Amino acid sequence: MTDTPALPATGREWHLLSRPVGWPKPENFALVEAEVPAPGEGQVLVRNKYLSVDPYMRGRMSAAKSYAAPFELGKVMQGGAVGEVIASDAEGVAVGDHVLHFFGWREYAVMAAKNAVKVDPDAAPLSAYLGVLGMTGLTAYAGLLRTAAFKEGDSVFVSGAAGAVGSQVGQIARLKGASRVIGSAGSDEKVRLLTEEYGFDAAFNYKNGPVSEQLRAAAPDGIDVYFDNVGGEHLEAAIGSLNEGGRVAVCGMISVYNDTEPAPGPRNLARLIQTRGRIEGFLVGDHYDLQPRFVQEVGAWVRSGELKYRETVVEGIENNLEAFLGVLRGDNTGKMIVKL
C-alpha cells in the first residue's frame, strides 16, 4: 500500500435509525462515530470534501419498493460525494487524486477504486461535480433532450425552476433555441433570479395564485414541453396548457414526497387525447451513455459563462440532515451542498 501519513482512526457518519412517516424528524437519524478501515486490495480511502443532499433520498428512507434500494436501518446512508484520496491500494488511483463517488453522508469512505470516478479540480470547482457537471446536470440534460425530445422552437415550462435541476433545464432549453422558457418557483426572490440571471423569458411565484392561471398568463400560446419536478397542481396546470404534440418529462414530484395519503392525480388527463400529448417518467441512471456528450457540451457553457449556476453551501457534517430537510422545504437556490 502507498506509504501515507497517519490515517484517521474514526470519522463521523449519518445513520438512519427509523423510517420517517410524513416529514423526516431528527429522531429518525443519528450522527455516529465509526471506525475508518484501511483500504484493502483494489480499494481507496477518500476524505470527503463535499456531500450532496437530494430530494430522491426521501424515497430511500421508506421501505416501499422503488427504483433504488431503501437505506438500511442502523447503517450509514449513501449519497453523492467528492473528495480526496488519502490512501490507495489500487492501480491507477493515487493519493492526492480527487474522485466523485456515491459514499456520502460520512467524513471518510473506503470503496473499490472502480466505484470512484476521477475528476479534475482545475477544470471546475470540486462542488460542481455534484451539481452542474454531475448527476443533477445530467438529469436536466437527459430529461429535456431525450425524454422530452426538445427541439428548437419549443416553448418550455419548468417547475422547481430555481433548483439545481430546474435552473439547468431552463438554461439548456434557451441555449438550444427554445422560443420561450417559463419557470415557477416558491419565492419572489427566486422568480427574479430566473429572469434576471438565468435568462428565463417569464417566471412566477406559485404561492401567489393558482398555477394554471399564472401559467396561462406567462405562456399565452401554450407550452410544448413541461419538465416536472413538482407534480400535483403544477402537472395539472401544464396538461391544461399543453400544445398539440406536447411532451411532459416527469423527473420528480417533490410536492407529494412527504404525503401520508396518495395525492389526487391530474383531473384533466383527457386533454392528452386531443393534444396527442404524452407523459413519460425517467431516471438519470438510464442515460449515462449521454455523460461524455453532456460533460463536453455543458462544461463548455459553464467555462464560457453562458450557463450560470448557484449553490447553497452548508458547512459541517453535523448539519447534513438540516441541509437535506432544507431541500425538501425549498430553502436552497440551486444545488444544496454540504462542505466538510
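Residues numbered from 1 in each chain as written. Predicted model: local features only at pLDDT ≥ 70, side-chain atom pairs only at ≥ 80, totals over all residues. Heavy atoms only, no water.

Colleague: Let's hear about the sheet that holds strand S9 (residues 180-185): which residues, and what values?
Modeller: An order of S10-S9-S8-S11-S12-S13 is seen for the six strands of this open sheet, with the pairing classed as parallel. Unpaired on one side and paired on the other, strand S10 (202-205) and strand S13 (278-281) mark the two borders of the sheet. Strand-to-strand twist in this sheet, taken as the mean axis angle between neighbours without regard to direction, amounts to 15°. For strand S8 (residues 155-158) and S9, the ladder comprises four bridges, and the chain directions are parallel. Looking at the pairing, Phe 157 lines up with Ile 182 of S9. Contacts between helix H5 (residues 211-218) and the sheet are confined to S8, S9, S10 and strand S11 (223-228), with S10 contributing the most and set at about 160° to the helix. (Pairing = 2+ DSSP bridges. Helix = DSSP H or I, 4+ residues; strand = E, 2+ residues; numbered from the N terminus. Axes fitted to C-alpha atoms, helices over the stretch in contact; angles between N-to-C directions. Contact = heavy atoms within 4.5 Å.)

Colleague: Before we move on, can you summarise the packing of helix H2 (residues 135-147) against helix H8 (residues 291-304) with the specific residues and values?
Modeller: Geometry of a packed helix pair, given as the angle between the helix axes and the separation of the axes. Running from N to C, H2 and H8 point in directions that differ by 105°, and their axes come no closer than 10 Å. Here H2 lies roughly perpendicular to H8, going by the angle between them. Side by side, H2 and H8 meet where Gly 137, Leu 138, Tyr 141 and Leu 145 of the first sit next to Gln 291, Arg 293, Phe 294, Glu 297 and Val 298 of the second. A class-by-class count of the residues in the contact of H2 with H8 yields five nonpolar, two polar and two charged. (Parallel < 35°, antiparallel > 145°, perpendicular 65-115°, else oblique. Nonpolar A, V, L, I, M, F, W, Y, C, P; charged D, E, K, R; others polar.)

Colleague: Let's hear about the side chain of Glu 13: which residues, and what values?
Modeller: With respect to the helices, strands and loops of the structure, Glu 13 is situated in strand S1 (residues 10-16). Buried charged residue Glu 13 carries no salt bridge. Nearest counter-charge: Arg 106, at 5.3 Å. At a separation of 2.8 Å, a polar atom in the side chain of Glu 13 contacts the side chain of His 15. With near-sequence residues (within four places) excluded, Glu 13 lies in contact with Ala 30, Leu 31, Val 32, Ala 34, Val 76, Trp 105 and Arg 106. (Buried < 20%, exposed > 50% of the residue type's maximum accessible area, 1.4 Å probe, protein only. Lys, Arg positive; Asp, Glu negative; His and termini not counted. Salt bridge = Lys/Arg side-chain N within 4 Å of Asp/Glu carboxyl O. Polar contact = N/O pair within 3.5 Å; in protein donor to acceptor, adjacent residues only side chain to side chain.)

Colleague: Could you give me a rundown of helix H4 (residues 188-196), with the residues and numbers involved?
Modeller: Each α-helix winds once per 3.6 residues, and so residues spaced three or four apart point in a common direction. Of the residues making up H4, those classed as buried are Lys 190, Val 191, Leu 193 and Leu 194. All buried residues of H4 fall inside an arc of 160° around its axis, so they share one side. Among the exposed residues of H4, those oriented more than 90 degrees off its buried face are Glu 189 and Glu 196. Turning to H4, the residues buried within the fold contact S9 and S10. (Arc of directions from axis to C-beta.)

Colleague: Could you give an account of the packing of aromatic side chains, with specific residues and numbers?
Modeller: If you walk through the whole model with that rule in mind, you get five aromatic pairs. Their ring planes at 25° and their centres at 5.9 Å tell us that Phe 157 and Phe 204 sit as a pair that is stacked. On the criterion of sequence distance, the pair formed by Phe 157 in strand S8 and Phe 204 in strand S10 is long-range, its members being 47 residues apart. When its relative accessible area of 0% is taken as the criterion, Phe 157 is described as buried. (Phe/Tyr/Trp six-rings, centres within 6.5 Å; stacked < 30°, edge-to-face > 60°.)

Colleague: Give me the lowdown on helix H3 (residues 164-175), citing residues and values where you can.
Modeller: With 12 residues, H3 should reach 16 Å at 1.5 Å per residue; the first-to-last C-alpha distance of 17 Å fits that figure. Most of H3 is tucked away, with 10 of its 12 residues classed as buried. All buried positions along H3 are accounted for by Ala 164, Val 165, Gly 166, Ser 167, Gln 168, Val 169, Gly 170, Gln 171, Ile 172 and Ala 173. Looking at the buried residues of H3, the elements they touch are H2, S8, S9, S11, H8 and strand S15 (335-339). (Expected span 1.5 Å × (residues − 1).)

Colleague: Can you lay out the pairing of S10 for me, pointing to particular residues and giving the numbers?
Modeller: Pairing analysis gives four bridges linking S9 to S10, with the strands arranged parallel. In the strand pairing of S10, Ile 182 is matched with Ala 202. Following the chain from S9 across H4 to the adjacent parallel S10, one finds a crossover that is right-handed. (Right-handed = clockwise from strand over helix to strand, strands pointing away.)

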